[in-house]
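Here are the chains, one letter per residue:
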Amino acid sequence: MVGRRALWNCSLQLIALPSAAGWSGGMPQPFNSSYRRPAEPPPWKGWSGTTEEEEKGDDTLQGRQQQQPGSSPEKGMDKNTDEDQPSTACNQYPKEAVRKRQNSGRSSGGNDSSRTFRKSFRLDYRLEEDVTKSKRGKDGRFVNPWPTWKSPTLLNILKWSFMEKNNSNVPRSKQINVQPDQFSDLSYSSRDCKTHQAGIRKEVEEPFHSQAYLKCLKELDKELPLLQPYFVQTPEDAGKTGAGMRVTWLGHATVMVEMDELVFLTDPIFSQRASPIQLLGPKRFRGPPCTVAQLPKIDAVLISHTHYDHLDYNSVASLNERFGSELRWFVPLGLLQWMQRCGCENVIELDWWEENCVPGHDAVTFVFTPSQHWCKRTVTDDNKVLWGSWSVLGPWNRFFFAGDTGYCFAFEQIGKRFGPFDLAAIPIGAYEPRWFMKYQHVDPEEAVRIHIDVQAKKSVAIHWGTFALANEYYLDPPIKLNEALERYGLKKDDFFLLRHGESRNLNKNEN
């Protein structure tokens, strides 16, 4: 099928492999030499708190293990690891094993103070030998260490772009997005006007009330309603979760997480296109449920990799303009200078298994963990930046963000080291055709396997229902997810869906 979409996809792929989200371009603001480069984080030590002497009799330790300033310990990591865990990409989980993992508890009580954790915690250093570190090729660029990875070829890109049928079938009309503050000027009403306050669309060439547009809008509102996030009306409630946590889906891979007295975002994108310019590139068919100006105070942002649907320059600039140096950015190794050129000062770049924290909140540790993906933004920067997932470890809650990934045994390592997690955000979309996408994007069944691997008590589905980046029908991911949950003997509530702008509260005692 050769058409406008195929030509556009092909041109994108020739510049940046293998998805349109990795298209090149977009020059950030000039670098200001007055910005202070944060101290380089030391290699991941497996714990945090006060400085600890090497344990006697352990030949694997070299010299003194020093703690990274301001970070906090992980809980539940000193469990016995004598049993070998399966680590192949084709593991099957019987329902009994799933239930056993679901019922496993933490080894440290949630009521203990972080000071107690720091004083009492001792890592079983055998865990240090059980994880895969990041690797570079001979040219100094990062490479995937996973046997499940296969680099895309130009022939495969052309085959996908020109030969594969696009089955996404998203209701479309020539339209632009109206900003939330313009909603009061629109007379269109629907069954729930709140679902349109942020992200409602308006015709360019046609009148706003054209039948074609209203039909598209009605269908999208029915299938993928936009809700106004709770914090737009009551921003004072943000961050008040006690010992529990709250997650709000803001579309695609952007979630706002509130836990352990912190509020943070993952891969924020509030632009209309996943592209360096807003005239071309993949366009969202569901607008963002809020603007950056409507967000509550954000303490940190997590970036998983550099593709344009996960690292959006306009969103970075807007967040930095609003929150300035009070906002801490956690980014992959190699991205620091780009962030500084964007004007961001409070930036921490980490390698896999390295950790850091938000100043003043050293009880919560942010660990950069592996995934199977790749990075590219320009013609020449292939994999100069690392990619990965994030594990956020607090005294009361634990959160895992998978980012963008194909399936690999990294997730068993993460679950073994840091699980169980109270909540995981795992992608379920942009997975067809499998012969091409499987190395970089999991499908819903593999997403369930990640949920099991990392030992998540609950998971929320992300990376779907916002951009059409692959060939599956735009409403298929939730259907396939529920089918996979049934096959694995899990409940729908174990791996749940949120509407755009919707929040869910989770309690640490929730079963």
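Not measured: the values here are computed from a predicted model.

Cut-off values and rules
Residues numbered from 1 in each chain as written. Predicted model: local features only at pLDDT ≥ 70, side-chain atom pairs only at ≥ 80, totals over all residues. Heavy atoms only, no water. Helix = DSSP H or I, 4+ residues; strand = E, 2+ residues; numbered from the N terminus. Contact = heavy atoms within 4.5 Å. Areas by Shrake-Rupley, 256 points an atom, 1.4 Å probe, with all protein chains shown as cover. Buried < 20%, exposed > 50% of the residue type's maximum accessible area, 1.4 Å probe, protein only. 1 Å grid on protein atoms, 1.4 Å probe; cavity = no way out; pocket = protein on both sides within 12 Å on 5 of 7 lines; lining within 4 Å. Points joined across faces, edges and corners; volume = space filled by probe spheres on them. Nonpolar A, V, L, I, M, F, W, Y, C, P; charged D, E, K, R; others polar. Pairing = 2+ DSSP bridges. Axes fitted to C-alpha atoms, helices over the stretch in contact; angles between N-to-C directions. pLDDT = per-residue confidence, 0-100. Phe/Tyr/Trp six-rings, centres within 6.5 Å; stacked < 30°, edge-to-face > 60°. Salt bridge = Lys/Arg side-chain N within 4 Å of Asp/Glu carboxyl O. Right-handed = clockwise from strand over helix to strand, strands pointing away. Core = buried A, V, L, I, M, F, W, Y, C linked by side-chain atoms within 4.5 Å. Patch = residues over 30% accessible without salt bridge, like charges linked within 9 Å, V, L, I, M, F, W, Y side chains within 5 Å.

Undergrad: Explanation requested: the overall build of the protein chain in the structure shown.
TA: Per the secondary structure count, the protein chain includes 12 helices and 18 strands. A fraction of 75% describes how many contacts in the protein chain between residues 6 or more apart in sequence connect residues 24 or more apart. Carbon together with sulfur atoms contributes 50% to the accessible area of the protein chain, which is approximately 21100 Å² in total.

Undergrad: How should the environment of Ala-425 be read in this particular structure?
TA: You can see Ala-425 is positioned in strand E15 (residues 423-427). Ala-425 gets classed as buried once you look at its relative accessible area, which sits at 0%. Placed 37 residues apart in sequence, Ala-425 and Ile-462 show a C-alpha to C-alpha distance of 6.3 Å. Beyond its immediate stretch of four places on either side in the chain, Ala-425 contacts Phe-399, Phe-400, Phe-401, Ala-402, Val-460 and Ile-462.

Undergrad: Help me out: how do you make sense of empty space enclosed by the protein in this one?
TA: Over the atoms, a rolled probe matching the size of one water molecule traces out where space is still vacant. Within this structure, the stated rule accounts for five cavities of 30 Å³ or more. The class makeup of the residues in the lining of the largest cavity is 10 nonpolar, five polar and one charged.

Undergrad: In this structure, what is going on with the sheet that holds strand E18 (residues 503-506)? I would like to understand it.
TA: The strands making up a sheet are joined through hydrogen bonds of the backbone, oriented either antiparallel or parallel. The seven strands lie next to each other as E10-E9-E8-E7-E6-E5-E18, forming an open sheet whose pairing is mixed. Because the sheet does not close on itself, it has two edges, and the strands there are strand E10 (347-350) and E18. Taken pair by pair, the neighbouring strands of this sheet meet at an average axis angle of 20°, ignoring direction. Where strand E6 (residues 255-259) lies against strand E7 (residues 262-266), four bridges are found, and the strand directions are antiparallel. Among the inter-strand pairings, Val-257 is bridged to a residue of E7, identified as Phe-264.

Undergrad: In this structure, what is going on with the confidence of the model for the protein chain? I would like to understand it.
TA: Close inspection of predicted coordinates is inappropriate for parts of the model with low pLDDT. Chain-level pLDDT for the protein chain is 77 on average; 67% of the residues reach the 70-or-more range. Taken as a whole, residues 174-208 scores under 50 in pLDDT and shows 83 contacts with residues more than four places along the chain or in a different chain.

Undergrad: What is the right way to read the packing of aromatic side chains from this model?
TA: Any aromatic ring pair is given by two values, namely how distant the centres are and how the planes are angled relative to each other. Tallied over the full model, the rule gives 18 aromatic pairs. Ring centres 5.6 Å apart and planes at 80° place the aromatic pair Phe-264 and Phe-366 in the edge-to-face group. With Phe-264 in strand E7 and Phe-366 in strand E12 (residues 361-369), the pair connects residues that are 102 residues apart, well separated along the chain. A relative accessible area of 0% places Phe-264 in the buried class. The interplanar angle of 80° and the centroid separation of 6.2 Å between the aromatic rings of Phe-400 and Phe-411 together place this pair among those described as edge-to-face. With Phe-400 in strand E14 (residues 398-401) and Phe-411 in helix H9 (residues 410-418), this residue pair connects regions lying 11 residues apart in the sequence. Under the relative-accessibility criterion, Phe-411 is labelled buried at 0%.

Undergrad: Quick question: what am I supposed to make of the pattern of salt bridges here?
TA: Where charged atoms from two side chains of opposite charge come close, those side chains can pair. According to the stated counting rule, one finds 13 salt bridges in the structure shown. A salt bridge links Lys-297 to Asp-299; the shortest N-O distance between them is 3.1 Å. Of the residues examined, Asp-299 reaches a relative accessible area of 12% and is grouped as buried. In this structure, the salt-bridge partner of Arg-504 is Asp-493, at a minimum N-O distance of 2.6 Å. Here Asp-493 lies in the loop between helix H12 (476-487) and strand E17 (495-496) and Arg-504 lies in strand E18, a separation of 11 residues in the sequence. We classify Asp-493 as partly exposed; its relative accessible area is 35%.

Undergrad: Is there a simple way to think about the pairing of strand E16 (residues 459-462) in this case?
TA: Alternating positions in E16 separate into two faces, Ser-459 and Ala-461 on one and Val-460 and Ile-462 on the other, with burial throughout. The parallel pair E16 and E17, bridged by H12, forms a crossover whose chirality is right-handed.

Undergrad: What is the right way to read the nonpolar core from this model?
TA: One recurring pattern in soluble globular proteins: nonpolar side chains tend to sit buried together. Membership of the largest hydrophobic core comes to 103 residues, with the highest contact counts inside it found for Leu-295, Trp-329, Met-339, Phe-366 and Phe-399. Here this core gets five residues from one element, more than from any other, and that element is helix H7 (residues 313-323). Leave out the neighbours within four places in its chain, and Met-339 touches Leu-311, Val-316, Trp-329, Val-331, Cys-344 and Val-347. Within the second largest apolar cluster, 10 residues are counted, among which are Ile-157, Met-437, Leu-469 and Ala-470.

Undergrad: Mind showing me how you'd approach the sheet that holds E17 here?
TA: With respect to topology, seven strands assemble into an open sheet ordered E11-E12-E13-E14-E15-E16-E17, the strand pairing being mixed. In the strand order of this sheet, the two ends are held by strand E11 (355-358) and E17, each with one partner. The pairing of E14 with E15 spans three bridges and is parallel. Residue Phe-401 lies in a different strand from E15, and its bridge partner there is Ala-425. Set on the sheet, helix H11 (residues 444-453) makes contact with E14, E15, E16 and E17; between it and E15 the angle comes to about 155°.

Undergrad: I tried to follow a nonpolar patch on the surface on my own but got confused; where do I start?
TA: Judged by side-chain polarity, Ile-277, Leu-279 and Leu-280 come together as a nonpolar surface patch covering roughly 310 Å² of accessible area. Along the chain, Leu-280 turns up in the loop between E7 and strand E8 (300-302). Using a relative accessible area of 42% as the deciding quantity, one classes Leu-280 as partly exposed.

Undergrad: Looking at this model, I keep getting lost on unusual backbone geometry. Mind explaining?
TA: For residues besides glycine, phi is generally negative; the peptide bonds are generally trans as well. In this structure, the amide linkage connecting Gly-419 to the following residue, Pro-420, adopts the cis form with an omega of 0°. Here Pro-420 lies in the loop between H9 and E15. Cis peptide bonds are those with omega within 30 degrees of zero, and the linkage from Glu-432 to Pro-433 qualifies with 0°. Along the chain, Pro-433 turns up in the loop between E15 and helix H10 (434-437). At Trp-353, a position not held by glycine, the phi torsion is positive, near 75°. Within the element layout of this structure, Trp-353 appears in the loop between E10 and E11.

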